[in-house]
Number of protein chains: 2
Amino acid sequence: MNTNKLSYIEESGLFFEKLGLTRMAGRALGYLMICDRDAVSFDEIREALDASKGSISGTAKMLVNTGLVDAVSLPGDRKTYYRVSRTRVGDMLRQRISMFEAYSELLLKGKSLKSRTDETSEWLDETARFYSRVSAELHKLIDHWESGAQPVKSDHSKKKKKKKSKK
Amino acid sequence: MNTNKLSYIEESGLFFEKLGLTRMAGRALGYLMICDRDAVSFDEIREALDASKGSISGTAKMLVNTGLVDAVSLPGDRKTYYRVSRTRVGDMLRQRISMFEAYSELLLKGKSLKSRTDETSEWLDETARFYSRVSAELHKLIDHWESGAQPVKSDHSKKKKKKKSKK
DNA sequence: CATTTAGTTCACTAATTATTGAACCTAATG
DNA sequence: CATTAGGTTCAATAATTAGTGAACTAAATG
């Protein structure tokens, strides 16, 4: 594999590590993104990343469980293949949104525990409302995008891009 | 301190730990939110959290550096006091948005490294455009909110402010 | 100048976690 | 049935990191 691709794989490893995956999972995902193949076997991933079977085993499970990667099996072939998930683009964001909601709730709970009203309680209240709003707007944005403003899944029809209506 | 507040502090510790702070920093922030005092000294925090000076020292620096907490000093008093930051509500979100932008760029870079067009490259492109859009919309939302759609900072209008005179 | 106050710094401990590599498992194949 | 392919599991290692506590510093106070 060429140097650019190898360093992309490392970059991807570091990026997803920041998001809470393991570095190895980030590497594997980066590899799947750029490897120009429809699906890649367990052992091909292991070799490309120069890692142990144990590590790839855990990594593959993690990526499939979080929905970032799809496992693919083929008739007459006992290997498992992997590829970047065909899920909708918003799926990853939805998880993040739940953090905003949890934050909003944490702030409101904090406010309710206070026994006086002060600038901090006002801040708690406003910030909670803000993140609640952020969450709602993001859900709207995802729904709008996924409802066809942009084509998403391979749908076996002709790819014609419909223009987005102005918001 | 009552049990509810103590467990809120722990809950806050765990929450912010998930966001990448230390557990102690999350505890401190939770404590500042609910402690019903205008500002709290280093040693009061240390005592409330039953932690070491070293830990609170690092924690206080971290919270002030990330803008979540303001340090306050008073004339004729050599202690440093801390309180939940008076920054605008969007400040914390802005940092998160930069991750969406970084993600979008990572995906586009991945696409550019591919030597063929396939479903994965379409996915890379669309997902990149989606997160770029998410980022833009969030910036708009923050600007709108902070520009006065909702009151944010203690301004110099009708809100009455209390003077601190502690010693 | 000596003491006190308010923190800072740092070596160490404790805890967690990713990765390895070898042993193990199980379904398919010879 | 024995072997092999394709993983899974787990004990051990490596690496990172939070928190402690004691030694230290710098500024204010007596």
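Residues numbered from 1 in each chain as written. Chains lettered and ligands numbered in written order. Predicted model: local features only at pLDDT ≥ 70, side-chain atom pairs only at ≥ 80, totals over all residues. Heavy atoms only, no water.

1. Focus on the overall build of chain A
The condition is simple: Under the DSSP-based scheme used, a helix requires at least four consecutive residues in state H or I and a strand at least two consecutive residues in state E, with every element numbered from the N terminus. Relative accessibility thresholds used throughout: buried, under 20% of the residue-type maximum; exposed, over 50%; partly exposed, between the two (1.4 Å probe, protein chains only). We call two residues contacting when some pair of their heavy atoms lies within 4.5 Å. Each accessible area value is a Shrake-Rupley result obtained with a 1.4 Å probe; residue values ignore everything except the protein chains displayed when judging cover.
Scanning chain A for helices and strands turns up 6 helices and 3 strands. Of the regular secondary structure in chain A, the N- to C-terminal order runs α-α-β-α-α-β-β-α-α. In chain A, buried positions account for 43% of the 167 residues. Summarising the internal contacts of chain A: among those between residues at least 6 apart in sequence, 47% fall at separations of at least 24. Split by element, the accessible area of chain A, about 9,100 Å² in all, is 50% carbon and sulfur.

2. Remarks on the confidence of the model for chain A
Residue and element names in this part refer to chain A. Stated formally: For every residue, the predictor states its confidence as a pLDDT score lying anywhere from 0 to 100.
Mean pLDDT over chain A works out to 89, with 89% of the residues at or above the 70 mark. Across chain A, element-level confidence peaks in helix α2 (residues 23-34) with a mean pLDDT of 97 and bottoms out in strand β2 (residues 69-74) with 94. In the model, residues 152-167 has pLDDT below 50 throughout and makes 18 contacts with residues more than four positions away in sequence or in other chains.

3. Details of the protein's contact with DNA strand C
Definition in use: Here a residue is considered near a molecule or strand provided that any single heavy atom belonging to it is located within 4 Å of it. Identification of polar contacts relies on pairs of N or O atoms within 3.5 Å, with a donor-acceptor requirement for protein atoms, meaning one able to donate a hydrogen and the other able to accept it, and with residues adjacent in sequence counted only if both atoms are side-chain atoms. As a working rule, the residues Ala, Val, Leu, Ile, Met, Phe, Trp, Tyr, Cys and Pro are called nonpolar, Asp, Glu, Lys and Arg charged, and the rest polar, with Gly in that last group.
For DNA strand C, the set of nearby residues contains 18 residues, the closest of which are Lys53(B), Ser57(B), Lys61(B), Arg78(B) and Thr80(B). Arg78(B) places a side-chain nitrogen or oxygen 2.7 Å from a base oxygen of DNA strand C. Thr80(B) has a polar backbone atom sitting 2.7 Å from a phosphate oxygen of DNA strand C. Where the surface near DNA strand C is concerned, the elements lending two or more residues are α2 and α4 (53-65) of chain A together with α4 (53-65) and β3 (77-84) of chain B. The element that contributes the greatest number of residues to the surface near DNA strand C is α4(B), accounting for 4 residues. Residue composition of the surface near DNA strand C, by class: 3 nonpolar, 7 polar and 8 charged.

4. A word on the nonpolar core
Just so we agree on the cut-off: What we call a nonpolar core is a set of buried Ala, Val, Leu, Ile, Met, Phe, Trp, Tyr and Cys residues that are connected through their side-chain atoms within 4.5 Å.
One finds Phe16(A), Met33(A), Phe16(B) and Met33(B) to be the most contacted residues of the largest nonpolar core, which totals 90 residues. Excluding anything up to four places from it in sequence, Phe16(A) contacts Leu21(A), Gly26(A), Leu29(A), Met33(A), Met92(A), Tyr103(B) and Leu106(B).

5. Notes on the environment of Asp77(B)
Residue and element names in this part refer to chain B. Take Asp 77: it is sitting in strand β3. Judged by relative accessible area, Asp 77 falls into the buried class, the value being 16%. Here Lys 79 takes part through its backbone nitrogen, which lies 3.0 Å from a polar atom of the side chain of Asp 77.

6. Focus on the sheet that holds strand β3 (residues 77-84) of chain A
Residue and element names in this part refer to chain A. Using the following cut-off: Criterion used throughout: strands pair if DSSP finds at least two bridges between them. Lines fitted to C-alpha atoms define the axes, with helix axes restricted to the stretch in contact, and inter-axis angles between N-to-C directions lie between 0 and 180 degrees.
Taken together, 3 strands build an open sheet; the order of strands is β1-β3-β2 and the sheet is antiparallel. Every interior strand has two partners, whereas the edge strands, β1 (40-41) and β2, have only one. Pairing analysis gives 2 bridges linking β1 to β3, with the strands arranged antiparallel. In the strand pairing of β3, Ser 41 is matched with Tyr 81. Together, β1, β2 and β3 form the strand contacts of α2, whose direction differs from that of β3 by roughly 90°.

7. Looking at the protein's contact with DNA strand D
Lining the immediate environment of DNA strand D, one finds 17 residues, of which Lys53(A), Ser57(A), Lys61(A), Lys79(A) and Thr80(A) sit closest. Of all DNA strand D atoms lying within 4 Å of any protein atom, the proportion belonging to sugar or phosphate reaches 62%. Between DNA strand D and the protein, one listed contact pairs a phosphate oxygen with a side-chain N or O atom of Ser57(A) at 2.6 Å. In the model, a phosphate oxygen of DNA strand D is placed 2.9 Å from a nitrogen or oxygen of the Thr80(A) side chain. When contributions to the surface near DNA strand D are tallied by element, the ones reaching two or more residues are α4 and β3 of chain A together with α2 (23-34) and α4 of chain B.

8. Brief notes about the relation of the copies chain B and chain A
Threshold: Copy-to-copy alignment: least squares on C-alpha atoms, limited to residues at pLDDT 70 or above in both.
Take chain B, turn it by 180°, move it 0.0 Å along the axis, and it overlays chain A with an RMSD of 0.0 Å. Interpreted geometrically, this transformation is the action of a two-fold axis. Same-surface contact between copies: 100% of interface residues of chain B are shared with the interface of chain A.

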